[in-house]
Amino acid sequence: MTAITQKEVLLLAEAPARVALLATGGTISSRASASGARAQDRAEELIAAAELHRESVEVEAHDLAVENSFNFGFSDLAAIAREVARLSSRDDVDGVVVTHGTDTMEETAAILALTHQGETPVIITGAQRSADQSDTDGPRNLRDAVLTAASPATRGRGVMLLFAGTLHAGWGVRKHHTLAVQPFAHVSGGLLGRVQQGRPQYYAVSDPLPQLPLPSVSFEKLRVDLVMAYPGADGLLINAAREAGADGIVVAGQGAGNPGRSMVRAIEDAVQAGVLVAVGTRAFAGEAAPIYGGGGAVDARTAGASLLTDVPVTQARLLLALLLDHSSLAEARAQLESWQTSGRGVVRRQKKEPHMQDKSGAQWELAPLNLQ
Ligand SMILES: NC(=O)C[C@H](N)C(=O)O
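Residues numbered from 1 in each chain as written. Predicted model: local features only at pLDDT ≥ 70, side-chain atom pairs only at ≥ 80, totals over all residues. Heavy atoms only, no water.

S.K.: Honestly, the UniProt feature "domain: L-asparaginase N-terminal" (unreviewed entry) in the chain in this entry has me stumped. Any pointers?
M.R.: The residues that UniProt annotates with the feature "domain: L-asparaginase N-terminal" (unreviewed entry) are residues 18–203. Between the end C-alpha atoms of residues 18–203 there is a gap of 25 Å, over a span that is 25% helix and 30% strand. (UniProt positions renumbered as here; feature names shortened; annotations may be inferred. Helix = DSSP H or I, 4+ residues; strand = E, 2+ residues; numbered from the N terminus.)

S.K.: How should I be thinking about the pattern of salt bridges in this particular structure?
M.R.: Any two side chains of opposite charge can pair if their charged atoms end up close together. Taken as a whole, this structure holds 10 salt bridges when the rule is applied. Between arginine 18 and glutamate 58 there is a salt bridge, and its shortest N-O distance comes to 2.6 Å. Here the residue arginine 18 occupies a position in strand 1 (residues 17–25), and glutamate 58 occupies one in strand 4 (residues 57–67), the gap between them amounting to 40 residues. When the shortest N-O distance is used, the salt bridge between glutamate 60 and arginine 90 registers 2.4 Å. With glutamate 60 in strand 4 and arginine 90 in the loop between helix 3 (74–88) and strand 5 (95–99), this pair connects stretches of sequence that are 30 residues apart. A relative accessible area of 12% means that glutamate 60 is categorised as buried. Assessed through its relative accessible area of 24%, arginine 90 is described here as partly exposed. Taken together, the shared-partner salt bridges connect Arg18, Glu58, Glu60, Arg90 and Asp92 into one network. (Salt bridge = Lys/Arg side-chain N within 4 Å of Asp/Glu carboxyl O. Buried < 20%, exposed > 50% of the residue type's maximum accessible area, 1.4 Å probe, protein only.)

S.K.: Just checking my understanding: could you explain the domain arrangement of the chain for this structure?
M.R.: One widely used convention gives an interface's size as the accessible area the parts lose upon coming together. Assigned domains of the chain: these are domain 1 (16–206) and domain 2 (219–342). Distance between the C-alpha centres of domain 1 and domain 2: 30 Å. The tally of links between domain 1 and domain 2 comes to zero salt bridges. At the level of elements, helix 3, helix 4 (105–115), strand 9 (173–175) and strand 10 (184–186) are the ones that each hand at least two residues to the side of domain 1 that touches domain 2. Sort the elements by how many residues they give to the side of domain 1 that touches domain 2 and helix 4 lands first, with seven residues. Considering only residue class, the side of domain 1 that touches domain 2 consists of 11 nonpolar, six polar and three charged. (Domains from an automatic or database assignment. Nonpolar A, V, L, I, M, F, W, Y, C, P; charged D, E, K, R; others polar.)

S.K.: I keep staring at the sheet that holds strand 6 (residues 122–125) and nothing clicks. Help me out?
M.R.: Pairing between sheet strands relies on hydrogen bonds along the backbone, with the strands arranged either parallel or antiparallel. Pairing in this open sheet of eight strands is mixed, and the strands run 4-1-5-6-7-8-11-12 from one edge to the other. Here the strands that pair on one side only, and so sit at the sheet edges, are strand 4 and strand 12 (199–202). For this sheet the average axis-to-axis angle between neighbouring strands, irrespective of direction, equals 25°. Strand direction decides the pairing type here: strand 7 (residues 159–163) and strand 8 (residues 166–169), joined by four bridges, are antiparallel. The residue of strand 8 that forms the bridge with leucine 162 is leucine 167. Sheet strands touched by helix 4: strand 5, strand 6 and strand 7. Its angle to strand 7, the strand with the most contacts, is close to 155°. This element, helix 5 (residues 138–150), spans strand 1, strand 4, strand 5, strand 6, strand 7, strand 8, strand 11 (193–196) and strand 12 of the sheet and lies at about 160° to strand 5. (Pairing = 2+ DSSP bridges. Axes fitted to C-alpha atoms, helices over the stretch in contact; angles between N-to-C directions. Contact = heavy atoms within 4.5 Å.)

What follows is the structure, given as structure tokens:
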């Protein structure tokens, strides 16, 4: 190795941060057409619209898809996870930003949160108003995301979603409004931080998740269905999923994971047939808890289903798929059970937000810093 001069050391120290932008489509890249809005803008156009040349950050453009996220399947999610892993493992990349449609952003956030390694942060963002609307929110979101990804304060914070100046942990986030410019909420109810004037401020950390390997080549062949329970629901949809060859089924139970008697019978049949079944909740947040018999979560567990902790059912699908991708059914079930007791991914507040400070101006430390 050749020694570097003092001048080169100074140049290195002053080198602007480098952020890799991976564009996949969504409303942030959509424009009106005769048949409704369609994704069309690519990474370079997004960078230009966000006027990122004015910022002291180098942004690399990468295009993976130009698609609205409601058309994505497991192969797209796997491709995004692999590309993010490739970009974030590069020594010369300080942060990765993914632009993505909001409809299924929580699924992509899940696969990234479960597979991401290392200290390089990953920020997912998008827009709720198309690129050709006069009040589009895309450029602001992208600028904030790039500056946040480039900030040394963001290093080691894993996978986050940035929307309308708010930062959410990727694991546990849900789209909770169809059209609002801040359409996301976290099941913990807490924000990780806010971005103001392009500067991130953090108030909380999320506990680290166990790292799972990247999707294999056969990941996209997996079938993990999501079935919702409701008054009058019978076992028809669970049976149909089983007959279609589902490897896993996530049931969005009523309340604390109560599927109802008919569904419990279908769950038992699916488990007997070798399907990995997990029961969560169709409520916005909270865990499936073994409280009720007579068709409740107690019976679902007896039938062989795993009860999910406080994780959105949409995201649990990705957890089941990744576990099934790399393990036998028995191992996947055991890992899912141990996951349930680990309580990982929980958001812990460290400081009150500034407007919540007490009169002395002190910020309250509510939990120890636990970034690993
Ligand atoms: N706001 C959005 O990005 C929604 C869009 N339909 C998508 O998910 O691609």
